Amino acid sequence: RTQPRRAATMSVYEKTFTLKDEDHTMGNAIRYMLNKNPQVALAGYSVPHPMERSVNVRVQTTGEVTATAAMRDALLDIISVCDHVHDTFDLAIEEHGEKNATAMETDVAGKGGGSKKK
């Protein structure tokens, strides 16, 4: 899914990755995670054209790690954040369901559970 652009004199510490079928959402998330890494000197992204569904992500590191390693770490960080959000959401839904079920049981018990006839 990510393909580094090829250049004759490209260093392992600087690369541009092209993400196919992605847009600003993924580009900005990756840029954010890359910039949180102190071993990344520069990170940015661009969308070549609004009608083209691809994003170019530029990574330059300080030389302590390769650009590919920094990109991999950023993507793994995004996966971790998504997993956390998913787990937190599931827990909130579960807790809401338990509160709702308890409230409905209380309502039914308080009304006698029977139906009224006129």
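Predicted model only: the values in this text are computed from it and were never measured.

S.K.: So what about the overall build of the chain? Which residues, and what values?
M.R.: Looking only at helices and strands, the chain has two helices and four strands in total. Ordering the α and β elements of the chain from the N terminus gives β-β-α-β-β-α. Within the chain, counting contacts between residues at least 6 apart in sequence, those at least 24 apart form 53% of the total. Carbon together with sulfur atoms contributes 55% to the accessible area of the chain, which is approximately 8600 Å² in total.

S.K.: Lay out the nonpolar core in plain terms, naming residues and giving numbers.
M.R.: In this structure, Leu19, Ile30, Leu34, Val57, Val59, Ala70 and Met71 are the most contacted members of the largest nonpolar core, which totals 17 residues. With six residues, helix 2 (residues 67-111) is the single largest residue contributor to this core. Dropping the residues within four chain positions of it, valine 57 is found in contact with Lys15, Thr16, Phe17, Leu19, Ile30, Leu34, Gly44, Tyr45 and Met71.

S.K.: Give me the lowdown on helix 1 (residues 24-36), citing residues and values where you can.
M.R.: Counted at 1.5 Å a residue, the expected span for helix 1 with its 13 residues is 18 Å, and the 18 Å between its end C-alpha atoms agrees. Within helix 1, the full set of buried residues consists of Gly27, Ile30, Met33 and Leu34. The arc that holds every buried residue of helix 1, seen down its axis, measures 135 degrees, which confines them to one face. For helix 1, the exposed residues set more than 90 degrees away from the buried face come down to Thr25 and Lys36. Where helix 1 begins, the side chain of aspartate 23 points an oxygen toward the backbone nitrogen of threonine 25, at a separation of 3.1 Å.

Scoring rules and cut-offs
- Residues numbered from 1 in each chain as written.
- Predicted model: local features only at pLDDT ≥ 70, side-chain atom pairs only at ≥ 80, totals over all residues.
- Heavy atoms only, no water.
- Helix = DSSP H or I, 4+ residues; strand = E, 2+ residues; numbered from the N terminus.
- Contact = heavy atoms within 4.5 Å.
- Areas by Shrake-Rupley, 256 points an atom, 1.4 Å probe, with all protein chains shown as cover.
- Core = buried A, V, L, I, M, F, W, Y, C linked by side-chain atoms within 4.5 Å.
- Buried < 20%, exposed > 50% of the residue type's maximum accessible area, 1.4 Å probe, protein only.
- Expected span 1.5 Å × (residues − 1).
- Arc of directions from axis to C-beta.
- Polar contact = N/O pair within 3.5 Å; in protein donor to acceptor, adjacent residues only side chain to side chain.

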